[in-house]
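# Examination of the molecular architecture
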Amino acid sequence: MQAVVMHPLGAAQGLGASQARKHLPQAARNLESVVTRSRRLSALARLGIYAEMYYLRLIEVLGAEYPTTRTVLGEEAFEASCRAFIARHPSTDRTLQSLSVRFPEFLARHLKVRRNARLAVDIARIERAMEDVFDAPRAEPLGFEALKKIPTESWGGSRLTLTPALRMLELGCDADAYMTAVRSRRPARAPRAKPAYIIVYRHNLRAWRLKVSREQFGLLRLLGRGWPIGRAVYRSCRHMRVRTDRLPELLSEWFRDWSAAGLFVGLTTPPQS
Amino acid sequence: MLRLGHNRWNLPDLGLGVGLRPVHFRHIVEKWPRMDWFEILSENYIDTAGRPVHFLDQIAERYPIVMHGVSLSIGSTDPIDFEYLAKLKRLAERVRAVWMGDHICWTGVAGLNGHDLYPVPYTEESLSHLVERVRVVQDYLERPLVLENPSTYLTFRASSMPEEEFIARLAEYADCALLLDVNNVYVTCRNHDLDPYEYLKPIPYDRVVQIHLAGHTDHGSHCIDTHNGRVIDPVWELYAEVQRRRGNTATLLEWDADIPKFEVLQREVGRANRFRDALRVANA
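Note that the structure is a prediction, hence the values are computed from the model and not measured. (Residues numbered from 1 in each chain as written. Chains lettered and ligands numbered in written order. Predicted model: local features only at pLDDT ≥ 70, side-chain atom pairs only at ≥ 80, totals over all residues.)

With that settled, consider the overall build of chain B. Along its length, chain B carries 11 helices and 12 strands. Whereas a compact globule of 284 residues would reach a radius of gyration of roughly 19 Å, chain B reaches 18 Å, a difference of no more than 12%. Seen through its principal axes, chain B has C-alpha atoms that stretch 50 × 45 × 35 Å. Put simply, 78% of the contacts in chain B that link residues at least 6 apart link residues at least 24 apart. (Helix = DSSP H or I, 4+ residues; strand = E, 2+ residues; numbered from the N terminus. Rg over C-alpha atoms; globule rule 2.2 N^0.38 Å. Contact = placed C-beta atoms within 7 Å.)

This is how it looks when you write it as structure tokens:
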């Protein structure tokens, strides 16, 4: 029954599929020896109810998690992509939380549409990140005051722990601005291909998106990998076009804003000599 | 104060409740509306540590919580998933669940999950299979499992007994509790050309600890259990019949699609009071 219900082309095609024939060799010819008919529906139509609901339910879940991707692709292409995805990656979990984890990657590989394909994939990645941070574990944020207390001589060797409710995305275009426009029901033109960086994080129980510079992105990524602050700053900002004497002030702003957003949840300072 | 229910386990009659859905989280924690209890979909809270759990913790402080799952797959031939059961158990402790349950169905085999409630053949063989599995799950959870009759859209030729008899025997042999979904009784009977009042007769009412009410979609040739609207009159009449047979029982309204404002849910589930009050008058 499962092989029939989960067949992407519906119950009738499912009955003829090898998986179904393996268990019910007579199935395609004599379904009513297995499933009874009702007064109003044939056995196949009754089985078809489950087959239809299987895809409808899971497409609904994907639609709720990827609303802007759906808008960008249009109903037809979105539904076709969902069907193909579900057929390729049926759920193996008790919950639906991880059903669509691979959906952006799947779109990147298999999306058949030409128009807005890259944009759709980038938006799907953002929407996936929003789902991820939504469900990520809670951690007590570290305020900016805690950072200010780090002795100057320890600053460079200190390491920060980033919140588990943070995702960093390197995109092929400014999909975030487009997404904001679509979600606000404002007219939007597809952005040109150009690297863009955003972070997605949870703060006060809401998922937030923030566009960042390449240097900010690089710095956060290195901090997330456990690099000491000094080395991470040097590596990510060494080619930045900013006056050297202006850099401390700029970094202070960044760390203040990121602290306010709850991005830091742990601090390790080097032992005092 | 909770009233003790007339069932084998003395599980309480919780009164009238609704399914807890994320669209109402904020309303509930800001207004603390009048509601006797909430039922949660267990799977929505076991693999997340974010917003849903944050709200659930607050709500569980103020209202009794019942856990209702959709992925136990008690009828499956796959091994019982003890990792999943451990998560359920942890959640039950966290929210001090009054009871926990799932459906008499299977949701997948060979490691897959269709996220739907598929019917089992009502045979002696599948009865033995389910009885054994229910016992194992109850032993692990250390509490009775509350199993619900699903809406079904097909029957297997191999079935050798009616669904209601299968359910009654399962409950007796496995010593489990029942959740009687009267909307499912209506939908199933419509789909299989059966009389819902006949369906209700063999149900062991001393094992029924909870009742579900919901709306459904009538396609003419068949009904689908969509939980997307008000409870129709024939379902209320079935509810009244169950109340007559069972006495006042914890009753829950399910509304999962086109979910309205919380106040609409309050009014709709409040309609059940007519039957509960009528029963009290009759018993006076």
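Scanning chain A from terminus to terminus reveals 14 helices and five strands. For chain A, the spread of C-alpha atoms along the three principal axes comes to 80 × 40 × 30 Å. Split into buried and exposed, the 273 residues of chain A put 37% on the buried side. A sequence separation of at least 24 residues applies to 62% of the contacts in chain A between residues at least 6 apart. (Buried ≥ 20, exposed ≤ 12 C-beta atoms within 10 Å, placed from the backbone.)

With that out of the way, let us pick up the confidence of the model for chain A. Here chain A averages 92 in pLDDT, while 97% of its residues score no lower than 70. Put simply, helix α3 (residues 18-23) of chain A is where chain A has its lowest mean pLDDT, 78, and strand β1 (residues 159-162) of chain A is where it has its highest, 97. (pLDDT = per-residue confidence, 0-100.)

In this section: helix α7 (residues 182-191) of chain B. Residue and element names in this part refer to chain B. With respect to burial, α7 is a largely interior element, 10 of its 10 residues being buried. Regarding α7, the residues found buried are V182, N183, N184, V185, Y186, V187, T188, C189, R190 and N191. Its buried side turned inward, α7 meets α6 (163-174), β8 (177-181), α8 (196-200), β9 (208-214), β11 (223-224) and α9 (233-246). Of the residues flanking the end of α7, it is D193, one or two places downstream, whose phi is positive at about 55 degrees.

The subject of this paragraph is the pairing of β8 of chain B. Residue and element names in this part refer to chain B. Among the five residues that make up β8, five are buried, leaving the element largely enclosed by the rest of the structure. On β8, burial covers both faces: A177, L179 and D181 on one face and L178 and L180 on the other are all buried. Looking at chain direction, strand β7 (residues 145-148) and β8 are connected through three bridges and run parallel. Considered in β8, the bridge of L147 is made with L178. Read from β7 through α6 to β8, the crossover connection turns out right-handed. Relative to β9, β8 is paired through four bridges, and the arrangement is parallel. (Pairing = 2+ DSSP bridges. Right-handed = clockwise from strand over helix to strand, strands pointing away.)

All right, on to the confidence of the model for chain B then. With 95% of its residues at a pLDDT of at least 70, chain B reaches an overall mean of 94. This complex was scored by the predictor with a pTM of 0.90 and an ipTM of 0.92.

Turning our attention to the interface of chain B and chain A. Residue-level contacts link 30 residues of chain B with 36 residues of chain A. For the side of chain B that touches chain A, the residue count by class is nine nonpolar, 14 polar and seven charged. (Nonpolar A, V, L, I, M, F, W, Y, C, P; charged D, E, K, R; others polar.)

Here the focus is unusual backbone geometry. Residues and elements named next belong to chain B. The phi torsion at S73 lies on the positive side, around 55 degrees, for a residue other than glycine. With 25 C-beta atoms counted inside 10 Å, the residue S73 sits in the buried group. The phi torsion at E142 lies on the positive side, around 60 degrees, for a residue other than glycine. Inspection of the secondary structure assignment puts E142 in the loop between α5 (124-141) and β7.

The subject of this paragraph is the packing of helix α8 (residues 117-135) of chain A against helix α11 (residues 175-183) of chain A. Relative placement of two packed helices is described by the angle separating their axes and the distance separating the axes. Residues and elements named next belong to chain A. One can describe the packing of α8 onto α11 by two numbers: an axis separation of 9 Å at closest approach and a directional angle of 80 degrees. When the interaxial angle is binned, α8 and α11 end up roughly perpendicular. Contacts between α8 and α11 involve L119, D122, I123 and I126 from the first element and A175, D176, Y178 and M179 from the second. Within the contact of α8 with α11, the residues separate by chemical class into six nonpolar, no polar and two charged. (Axes fitted to C-alpha atoms, helices over the stretch in contact; angles between N-to-C directions. Parallel < 35°, antiparallel > 145°, perpendicular 65-115°, else oblique.)

To continue, consider the environment of L154 of chain B. Along the chain, L154 of chain B turns up in the loop between β7 and α6. Each C-alpha atom of the pair L154 of chain B and Y118 of chain B lies 9.2 Å from the other, and the pair is 36 residues apart in sequence.

Let us now look at the packing of helix α4 (residues 43-65) of chain A against helix α6 (residues 75-88) of chain A. Residue and element names in this part refer to chain A. Put simply, α4 and α6 touch, their axes get as near as 10 Å, and they point 110 degrees apart. The angle between α4 and α6 falls in the class roughly perpendicular. Remark: the crossing between α4 and α6 carries right-handed chirality. Mapping the contact onto sequence places Y55, L58, I59 and L62 in α4 and E79, C82, R83 and I86 in α6. Its residues assigned to classes, the contact of α4 with α6 comprises six nonpolar, no polar and two charged. (Left-handed = near helix turned anticlockwise from the far one by under 90°.)

This brings us to the sheet that holds β9 of chain B. Residues and elements named next belong to chain B. The eight strands are arranged β3-β4-β5-β6-β7-β8-β9-β12 in a closed barrel whose pairing can be described as parallel. In this sheet, neighbouring strand axes are inclined to one another by 30 degrees on average, regardless of whether the strands run parallel or antiparallel. Across three bridges, strand β3 (residues 16-19) lies against strand β12 (residues 250-254) in parallel orientation. Residue pairing for β12: G17 is matched across the bridge by L252. This element, α9, spans β8 and β9 of the sheet and lies at about 170 degrees to β9.

A separate point is the sheet that holds strand β2 (residues 166-173) of chain A. Sheet strands associate in pairs through backbone hydrogen bonding, adopting either a parallel or an antiparallel arrangement. Residues and elements named next belong to chain A. In spatial order, the strands read β2-β3-β4; together these three strands make up an open sheet with antiparallel pairing. The sheet is open, and its two borders are formed by β2 and β4 (206-212), each paired with just one other strand. Averaged over neighbouring strand pairs, the angle between their axes works out to 25 degrees when direction is ignored. When strand β3 (residues 193-203) meets β4, the two strands line up antiparallel, connected through seven bridges. Each bridged residue has a counterpart across the sheet, and for Y201 the counterpart in β4 is W208. Across the sheet, helix α12 (residues 214-224) lies against β2, β3 and β4, angled at about 145 degrees from β2, the strand it touches most.

Glancing now at the nonpolar core. One recurring pattern in soluble globular proteins is that nonpolar side chains are buried together. Among the nonpolar cores identified, the biggest contains 149 residues, and V200 of chain A together with V182 and L213 of chain B are the most heavily contacted of them. It is α8 of chain A that provides the largest number of residues to this core, a total of nine residues. Leaving out residues up to four positions away in the same chain, L213 of chain B has contacts with V182, N183, V231, V235, Y239, T251, L252, L253 and A272 of chain B. (Core = buried A, V, L, I, M, F, W, Y, C linked by C-beta atoms within 7 Å.)

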